[in-house]
Amino acid sequence: MLSSPSKRKFRFSKITIFNAGAGGTPACQATHYTRGESTLKSSNFLIHFPLAVLINKMSSSPVRHIMLTGPPGIGKTTIIKKVCRELQLKNVSMKGFYTSELRQGGKRIGFDVISLDGTVKPLARVGDPRESVGPKVGQYVVQTESFENIALPALLTADESVIVIDEIGKMELFSRGFETAVKNVLSSDKTILGTIPIQKGRPIQVVEFIRSHPSVRLIAVNSGNRDHLVSDIVNLLSTLLKKKED
């Protein structure tokens, strides 16, 4: 009889587990898979299934996009950058941007937006709220026009296979042009590799729209899975792109 861990991260409509014969490797066939990684346990053996292994078993709406979510500092951007390097080795065409914090004397003074071709522009800087002009998030003043100079060309003119958007958060969404462009790409036949913040405080409407979108595969990054997610995501993206070609 099958039993699952106390915290379920998966749901199947049908599971068949069998042995491959004497000395063979146990295997599993699943006909429905929803999210994340799964670990199934029987009285005889433990089987671990990485995300990419089960992509062909998903019976929900066709997935075109991958979004990472998780708390600040958990490693989402690091994963995005590593995945991009692996995809480059596979000659996958990409366009987009990622964000990076800016530090001075060990203290964070803002954030930059960096295109995949290396162009750097300020996204936000610490500013005096009485003197600084522009949208504010905490102590940071968002430089919307500077951000749009990087983000909008990546979304509006991209013919590449994968569009990288790190991240789709409160600072970035002060740009209405960016919000519109993200929605347009989401509903297109392009593939997004992106990040969104965790659910915290007042919901951000666009983020929640993305979180529940039927074409999005949402992956929660944590300290237990982040070290092996790069290969899983690369394999998953390769599978998605191959399906598009077919």
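Note that the coordinates shown come from a computational prediction; the quantities given were computed from them, not determined experimentally.

K.L.:
I tried to follow unusual backbone geometry on my own but got confused; where do I start?
P.N.:
If a residue is not glycine, its phi is most likely negative; likewise, a peptide bond is most likely trans. A cis amide bond links Asp 166 with the next residue in sequence, Glu 167, at an omega value of 10 degrees. Mapped onto the fold, Glu 167 is located in the loop between β11 (162-165) and α3 (176-186). In this structure, Asn 91 is a non-glycine residue whose phi angle is positive, near 60 degrees. Considering the arrangement of structural elements, one finds Asn 91 in the loop between α1 (76-89) and β6 (94-104).

K.L.:
How should I be thinking about the sheet that holds strand β10 (residues 140-142) in this particular structure?
P.N.:
Consider a sheet: its strands pair through backbone hydrogen bonds, and that pairing is either parallel or antiparallel. Taken in spatial order, the 9 strands line up as β9-β10-β8-β7-β6-β11-β12-β5-β13 in an open sheet, and their pairing is mixed. The strands lining the two open edges of the sheet, one partner per strand, are β9 (136-137) and β13 (216-220). In this sheet, strand β8 (residues 120-126) lies alongside strand β7 (residues 107-115) in antiparallel orientation, the contact comprising 5 bridges. Paired with Phe 111 across the strands is Ala 124, a residue of β8. Packed onto the sheet, α3 meets β5 (65-70), β6, β11, β12 (191-197) and β13 and runs at close to 145 degrees relative to β11.

K.L.:
Teacher, can you tell me more about the pairing of β13 here?
P.N.:
The element β13 is extensively covered by neighbouring structure, given that 4 of its 5 residues are classed as buried. The sheet contact formed by β5 and β13 spans 5 bridges and is parallel. Each bridged residue has a counterpart across the sheet, and for Met 67 the counterpart in β13 is Leu 218.

K.L.:
So what exactly am I meant to see when it comes to the pairing of β11 here?
P.N.:
Side chains on a regular strand alternate between the two faces of the sheet. Here β11 shows a buried face lined by Val 162 and Val 164 and a second buried face lined by Ile 163 and Ile 165. Of the strand pairs in this sheet, β11 and β12 are connected by 4 bridges, and their pairing is parallel. Paired with Val 164 across the strands is Leu 193, a residue of β12. Chirality of the crossover, the property in question, places the unit of β11, α3 and β12 among those that are right-handed.

K.L.:
Can you help me understand the environment of Glu 208 in this one?
P.N.:
As for its placement among the helices and strands, Glu 208 is situated in helix α4 (residues 205-211). Apart from the residues within four sequence positions on either side, Glu 208 is in contact with Gln 199 and Pro 203. Reaching out from Glu 208, the side chain makes a polar contact with the side chain of Gln 199 at a distance of 3.0 Å.

K.L.:
When you look at the nonpolar core in this model, what are you seeing that I'm missing?
P.N.:
Inside soluble globular proteins, nonpolar side chains tend to come together where they are buried. Formed by 31 residues in total, the largest nonpolar core has its most connected members in Ile 165, Ile 168, Phe 178 and Ile 210. Residues in contact with Ile 165, not counting those within four places in the same chain, are Phe 97, Leu 155, Phe 178, Val 182, Ile 192, Leu 193, Gly 194 and Thr 195.

Calculation criteria
- Here the residue index of a chain counts from 1 through its sequence in written order.
- Owing to the predicted nature of the model, reporting of local features is limited to residues with pLDDT of at least 70; listing and counting of side-chain atom pairs is limited to 80 or more, with chain, interface and lining totals taken over all residues.
- To get the side-chain values, take all heavy atoms of the structure and skip hydrogens and water.
- Runs of H or I in DSSP of at least four residues are treated as helices and runs of E of at least two as strands, each being numbered from the N terminus.
- Each pair of strands is called paired provided DSSP finds at least two bridges between the two strands.
- Residue contacts follow a heavy-atom distance rule, with two residues in contact if any of their heavy atoms lie within 4.5 Å.
- Lines fitted to C-alpha atoms define the axes, with helix axes restricted to the stretch in contact, and inter-axis angles between N-to-C directions lie between 0 and 180 degrees.
- For every residue, the accessible area (1.4 Å probe, protein chains only) is compared with the maximum for its type, and the residue is labelled buried under 20%, exposed over 50%, or partly exposed between those bounds.
- A clockwise course of the path from the first strand over the helix to the second, judged with the strands pointing away from the viewer, identifies a crossover as right-handed.
- In protein, a polar contact means a hydrogen-donor-capable atom and an acceptor-capable atom, both N or O and within 3.5 Å, with residues adjacent in sequence counting only if both atoms are side-chain atoms; elsewhere, any N or O pair within 3.5 Å suffices.
- Residues belong to a common nonpolar core when they are buried Ala, Val, Leu, Ile, Met, Phe, Trp, Tyr or Cys residues joined through side-chain atoms within 4.5 Å.

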